[in-house]
Amino acid sequence: MRFCFQEKDFTEHSITPDRLALIDHDRTLTWHQFKAEVNSICSFFIENNWDTLAKPVILYGHKQAEMITTIYALMKLKIAYIPVDVIFPEQRILAIQNVVGVEMVINCTNQPLNLENTTELQIKGHEFQLFRERKLTFSQTPVASDPLIYIIFTSGSTGEPKGVQITTEAIQTFTEWMKNDFGFTADDVFINIALFSFDLSVYEVMSFGAIGSTLLLNDKATTENPDALLERVEKYKGSIWVSTPSFSLTYSRIGAVPQLNSIQYFLFCGETLPHSLAAKLFDSFKDAVIYNTYGPTEATVATTMVAVTQEILDLYNPLPVGYPKPESQILIENEEIVIVGDNVSIGYLNRPELNADKFILIDGKRAYKTGDCGYLQDGMLFFSARTDNQIKLHGYRIELDEITSKINDIDFVLQAETIALRRNGEVKKIVSLVQLAPNIESQLDVKESIIQSLTKSLPPYMIPSDFKFIERMPLNQNGKADKKELERVYLERT
Ligand code: AMP
């Protein structure tokens, strides 16, 4: 049994129903049980006449098996979902609700979210409980020819997250690529690390269904505790490791750890894969394949891929990010990487101006201007740098201007700027320099108030690790905050 994205239904294949489909921290589900749970969610929606919901639903939780069964049920029902992890503060969820007009929350936790004007349904296995019920709108028009599968929100430079809309076709081409070109089989066990709110998790969430393999979910407590994660990987014979390079670097013992002997593939995406990490893995895991892949959320997880071989290690430092996937194209326009193909999003939800700037048509095909600089060599793409204030910290995508905008919203702040401090080109921390309104003393409690205020609207990984108060914002010739000078001031005072 596996999920057939073309027909949007389960089809019987060679995979035995007793094989494991899904493992979370409480339960393991065979493919037979997985299919039954997906179908009971579909039936519940149909019985309630909810199968023509007009608005995408928020899928709220943290690594519960139900989040996966619900995703597959919603795909069958052709209802789009927005994955929201419990780490996100209420104000951010409200911002998402406002952009989308969400009317329904599917909650996989035990704690109601209580978003105003929403129907909230709790799903636990085959059990359904309505936490609250509000009026829902239903679509009167037939389902679009290429319906949305999900909207993933990423950091937005204007201060509000932006919703990347991904359609069925994009997921189909992505899963076809996974099935055909990576060598994964139904015997594989995908090790999930990323939160479902991030598109890195789409690698395993969609691929295990298309291939009919097993998905091993790991909660935050586990991924933050190397011993616990390694124990789980060993116990369930995880074979496909999917993470950002930063994440595996935190596993400093990742070298020759015997618990990781079952791993056959290391799949990296989201940041520069350091040559030294790839070389170390290559030496320690002789039988494993190391993939470096590249792509933004706006082009469905990844667009390029390369297996890092001895030859690649010998020839290239920095490493290439790979060859474009079939039917997608990489162009370099004024040094900027432009992605062309069906895997490109149809745009950010309700952001026409930004869309006009970032999403274009090239020869009638959707294209996305990534804001990444790069070059092509030997048929492969190489990533060099960003053109803007977007950074990666510990694998998380962050617009520094979003943080600055939230600090500027605080009434006792006159103006602020957020900068990234790098070592060897890699962001090590983010700090904010803040000019307070007149008569506000830069005392400790002011810093505390800023942190408290930010905690209400930003996820924890976006909170700057330090703040310094300045008397005057240094400006460059264009009248913008002078980041070089700010970095100098920060380092001088630290
Ligand atoms: P996200 O949308 O979170 O996947 O972040 C996308 C951004 O991460 C890209 O636009 C790049 O800046 C960066 N990125 C993704 N993959 C790689 C890679 N293999 N090497 C370097 N940077 C990458």
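Look up a bit, the structure's there.
In this report, the structure presented in the accompanying data block is examined. None of these values were measured; they are calculated from a predicted model. (Residues numbered from 1 in each chain as written. Predicted model: local features only at pLDDT ≥ 70, side-chain atom pairs only at ≥ 80, totals over all residues. Heavy atoms only, no water.)

**Points about the site of the ligand**
We apply this condition: Neighbouring residues are identified by heavy atoms, a residue being near a molecule or strand if any of them is within 4 Å of it. A 3.5 Å cut-off defines polar contacts: any pair of N or O atoms within that distance qualifies, except that in protein one atom must be a possible hydrogen donor and the other a possible acceptor, and neighbouring residues in sequence count only when both atoms are side-chain atoms. Only the protein chains shown count as cover for residues, with accessible areas throughout obtained via the Shrake-Rupley method and a probe of 1.4 Å. Counting from the N terminus, the helices are the DSSP runs of H or I reaching at least four residues and the strands are the DSSP runs of E reaching at least two. Any residue outside Ala, Val, Leu, Ile, Met, Phe, Trp, Tyr, Cys, Pro, Asp, Glu, Lys and Arg is labelled polar, Gly included; the first ten of those are nonpolar and the last four are charged.
Close to the ligand lie 16 residues, the nearest being Thr293, Thr297, Asp372, Lys392 and Arg397. Here an oxygen atom of the ligand and a backbone polar atom of Gly295 are 3.5 Å apart. Between the ligand and the protein, one listed contact pairs an oxygen atom with a side-chain N or O atom of Lys392 at 2.8 Å. Relative to its unbound accessible area of 490 Å², the ligand is 93% covered by the protein chains. Sorting the residues of the shell around the ligand by element identifies strand 16 (289-294) and strand 23 (380-386) as the ones contributing at least two each. No other element matches strand 16, which puts three residues into the shell around the ligand. Among the residues forming the shell around the ligand, the class breakdown is four nonpolar, six polar and six charged.

**Overview of the environment of Glu417**
Where we set the bar: Whether two residues touch is decided by their heavy atoms; if any such pair falls within 4.5 Å, the residues are in contact.
Following the sequence through the fold, Glu417 ends up in strand 26 (residues 413-423). It is 24 Å that separates the C-alpha atoms of Glu417 and Asp357, two residues lying 60 residues apart in sequence. Not counting residues up to four positions away in its chain, the partners in contact with Glu417 are Asp401, Thr404, Val431, Ser432, Leu433, Met473, Ala481, Lys483 and Leu486. A polar atom in the side chain of Glu417 sits 3.3 Å from the side chain of Lys483.

**Describing unusual backbone geometry**
So the rule is basically this: Burial status follows relative accessibility: with a 1.4 Å probe on protein chains alone, a residue under 20% of its type maximum counts as buried, one over 50% as exposed, and anything between as partly exposed.
Note the cis peptide between Asn317 and Pro318, where omega equals 10 degrees. Mapped onto the fold, Pro318 is located in the loop between helix 10 (310-315) and strand 18 (323-324). The residue Asn114 is not glycine, and still its phi comes out positive at about 55 degrees. Mapped onto the secondary structure, Asn114 falls in the loop between strand 7 (104-107) and strand 8 (119-124). Here Asn114 falls in the partly exposed class, since its relative accessible area comes to 46%. A positive phi angle is found at Glu335, which is not glycine, with a value near 75 degrees. Along the chain, the position of Glu335 falls in the loop between strand 19 (329-333) and strand 20 (336-340).

**Comments concerning the pattern of salt bridges**
The following threshold applies: Salt bridges are defined by distance alone: a side-chain nitrogen of Lys or Arg within 4 Å of a carboxyl oxygen of Asp or Glu.
As enumerated under the stated definition, the model contains 18 salt bridges in all. Notably, a salt bridge pairs Arg397 with Glu298, separated by 2.7 Å at the nearest N-O pair. You can see Arg397 sitting in strand 25 (residues 396-399) and its partner Glu298 sitting in the loop between strand 16 and strand 17 (304-307), a full 99 residues away along the chain. A single burial state applies to Arg397 and to Glu298, both of which are buried. Residues Arg493 and Glu471 are paired through a salt bridge, measuring 3.7 Å at the closest nitrogen-oxygen approach. Here the residue Arg493 occupies a position in helix 14 (residues 483-493), and Glu471 occupies one in the loop between strand 28 (466-469) and helix 14, the gap between them amounting to 22 residues. Judged by relative accessible area, Arg493 falls into the partly exposed class, the value being 37%. Connected via shared salt-bridge partners are Arg27, Glu37 and Glu66.

**What about the side chain of Glu37?**
Of note, Glu37 is situated in helix 1 (residues 31-47). With a relative accessible area of 4%, Glu37 lands in the buried category. Other than its neighbours up to four places away in sequence, Glu37 contacts Arg27, Leu29, Thr69, Gly125 and His126.

**Focus on the sheet that holds strand 15 (residues 265-268)**
Rules: When DSSP finds at least two bridges between two strands, those strands are taken to pair. Only C-alpha atoms enter the line fits that serve as axes; for helices the fit covers just the stretch in contact. Angles between N-to-C directions range over 0 to 180 degrees.
The nine strands are arranged 4-3-13-12-14-15-16-17-18 in an open sheet whose pairing can be described as mixed. Only two strands of the sheet have a single neighbouring strand rather than two, namely strand 4 (28-30) and strand 18. Across four bridges, the pairing between strand 14 (residues 240-243) and strand 15 is parallel. Bridge pairing in strand 15 places Ile240 opposite Tyr265. Together, strand 3 (20-23), strand 4 and strand 13 (214-216) form the strand contacts of helix 2 (residues 65-77), whose direction differs from that of strand 3 by roughly 125 degrees.

**Side note on the packing of aromatic side chains**
For clarity, the threshold we go by: Ring pairs shown here join Phe, Tyr and Trp side chains whose ring centres sit within 6.5 Å, with only the six-membered ring taken for Trp; geometry is labelled stacked below 30 degrees between planes, edge-to-face above 60, and tilted in between.
Applying the stated criterion across every chain yields a total of 31 aromatic pairs. For the ring pair Phe44 and Trp50, a centre distance of 5.7 Å and an interplane angle of 75 degrees mean the geometry is edge-to-face. Both residues of the pair, Phe44 and Trp50, belong to the buried class. Between the aromatic rings of Phe182 and Phe184, the centroid separation amounts to 5.5 Å while the plane-to-plane angle is 40 degrees, which identifies the pairing as tilted. Neither Phe182 nor Phe184 differs from the other in exposure class; each is buried. Ring pairing ties together the aromatic residues Phe174, Trp177, Phe182, Phe184, Phe190, Tyr203, Tyr265 and Tyr291, which thus form one cluster.

**Let's talk about the sheet that holds strand 26**
Reading across from one edge, 26-27-28 is the order of the three strands in this open sheet, with mixed pairing throughout. In this open sheet, the two strands that pair with only one neighbour each are strand 26 and strand 28. This sheet shows a mean twist of 25 degrees between the axes of neighbouring strands, independent of strand direction. Sheet strands touched by helix 12 (residues 400-408): strand 26, strand 27 (426-436) and strand 28. Its angle to strand 26, the strand with the most contacts, is close to 150 degrees. Contacts from helix 14 reach strand 26, strand 27 and strand 28 within the one sheet, and its direction differs from that of strand 26 by about 80 degrees.

**Observations regarding the layout of surface pockets**
What counts here: Only protein atoms enter the 1 Å grid used here, on which a cavity is any set of points holding a 1.4 Å probe that cannot leave and a pocket is any open set flanked by protein within 12 Å on both sides along at least five of seven lines; residues with an atom within 4 Å of a point are listed as lining. Grid points are joined across faces, edges and corners, and a volume is the space filled by probe spheres set on the points.
The space that makes up the second largest pocket amounts to roughly 450 Å³. In terms of lining residues, the second largest pocket is bounded by 21 residues, among which Leu53, Ala54, Lys78, Ala80 and Val143 are the most central. The residue inventory of the lining of the second largest pocket, partitioned by class, reads 14 nonpolar, four polar and three charged.

**Quick look at helix 7 (residues 226-235)**
Cut-off, in case you're wondering: By definition, the arc is the one covered by directions from the helix axis to the C-beta atoms.
Taken residue by residue, helix 7 has Leu229, Leu230, Arg232 and Val233 as its buried positions. Down the axis, helix 7 shows its buried residues gathered within 160 degrees of arc, on one side only. Of the residues in helix 7, the exposed ones pointing more than 90 degrees away from the buried face are Glu231 and Lys235. Immediately beyond the C-terminal end of helix 7, within one or two residues, lies Lys237, with a positive phi of roughly 55 degrees.

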